[in-house]
Amino acid sequence: MKWREVQQIFPNQFVKFEVLHSEETDNQEIIDDVAVIGPISDEEATRELLNSRDKTLVYHTSKDQIVVKVRKNIGLRRSL
């Protein structure tokens, strides 16, 4: 389902979905095709997002498009 369709069905609320298709440019992933799992209340949105795994996300439908910042492997330093 395209993001525009999701916005029409679930206006102005958080939605939990699975990413079906996305395109990566520079340090951003632009998601354009999703499988909706269901609407999420404002109170539960943060908890659901923190518990999300793999390709599952929570996003607000007031946003025009789904853009996720991608971090490349960041090296960790350890001193002995």
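Owing to the predicted nature of the structure, the values given are computational and were not obtained by experimental measurement.

**Q** Tell me about the environment of L49, and please be specific about residues and values.
**A** Position of L49 relative to the elements: it lies in helix 2 (residues 42-50). Residues L49 and K16 lie 33 residues apart in sequence; the distance between their C-alpha atoms is 8.2 Å.

**Q** Can you explain the nonpolar core? Please cite residues and give values.
**A** Counting ten residues, the largest nonpolar core is built from W3, V6, F10, V15, F17, V19, I31, V34, Y59 and I66. Of all the secondary structure elements, the ones that give two or more residues to this core are helix 1 (3-9), strand 1 (14-25) and strand 2 (28-40). The leading source of residues in this core is strand 1, at three residues. If we skip the residues at most four places from it in the chain, F17 touches W3, V34, A35, V36, I37, K55, T56, L57, V58, Y59 and I66.

**Q** Tell me about the side chain of K16, residues and numbers included.
**A** Along the chain, K16 falls in strand 1. For K16, the residues in contact, after removing those within four places along its chain, are V36, I37, G38, I40, E48, T56, L57 and V58.

**Q** Kindly report on the sheet that holds strand 4 (residues 66-69), identifying the contributing residues and their values.
**A** Strands sit in the order 3-1-2-4 across an open sheet of four strands; the sheet is antiparallel. The two strands at the open ends of the sheet, each matched to only one other strand, are strand 3 (56-60) and strand 4. The average undirected angle you get between the axes of adjacent strands in this sheet is 50°. In this structure, strand 1 lies alongside strand 3, joined through five bridges in antiparallel fashion. Its bridge partner being in strand 3, F17 is matched across the sheet by L57. Sitting on the sheet, helix 2 is in contact with strand 1, strand 2 and strand 3, with an inclination near 125° to strand 2.

**Q** Residues and numbers for the pattern of salt bridges, please.
**A** Applying the stated criterion to the full structure yields two salt bridges. Two residues, K16 and E48, come together in a salt bridge whose shortest N-O distance is 2.8 Å. Of the two residues, K16 is situated in strand 1 and E48 in helix 2; the sequence distance between them amounts to 32 residues. Judged by its relative accessible area of 19%, K16 is buried.

Scoring rules and cut-offs
Residues numbered from 1 in each chain as written. Predicted model: local features only at pLDDT ≥ 70, side-chain atom pairs only at ≥ 80, totals over all residues. Heavy atoms only, no water. Helix = DSSP H or I, 4+ residues; strand = E, 2+ residues; numbered from the N terminus. Core = buried A, V, L, I, M, F, W, Y, C linked by side-chain atoms within 4.5 Å. Buried < 20%, exposed > 50% of the residue type's maximum accessible area, 1.4 Å probe, protein only. Contact = heavy atoms within 4.5 Å. Pairing = 2+ DSSP bridges. Axes fitted to C-alpha atoms, helices over the stretch in contact; angles between N-to-C directions. Salt bridge = Lys/Arg side-chain N within 4 Å of Asp/Glu carboxyl O.

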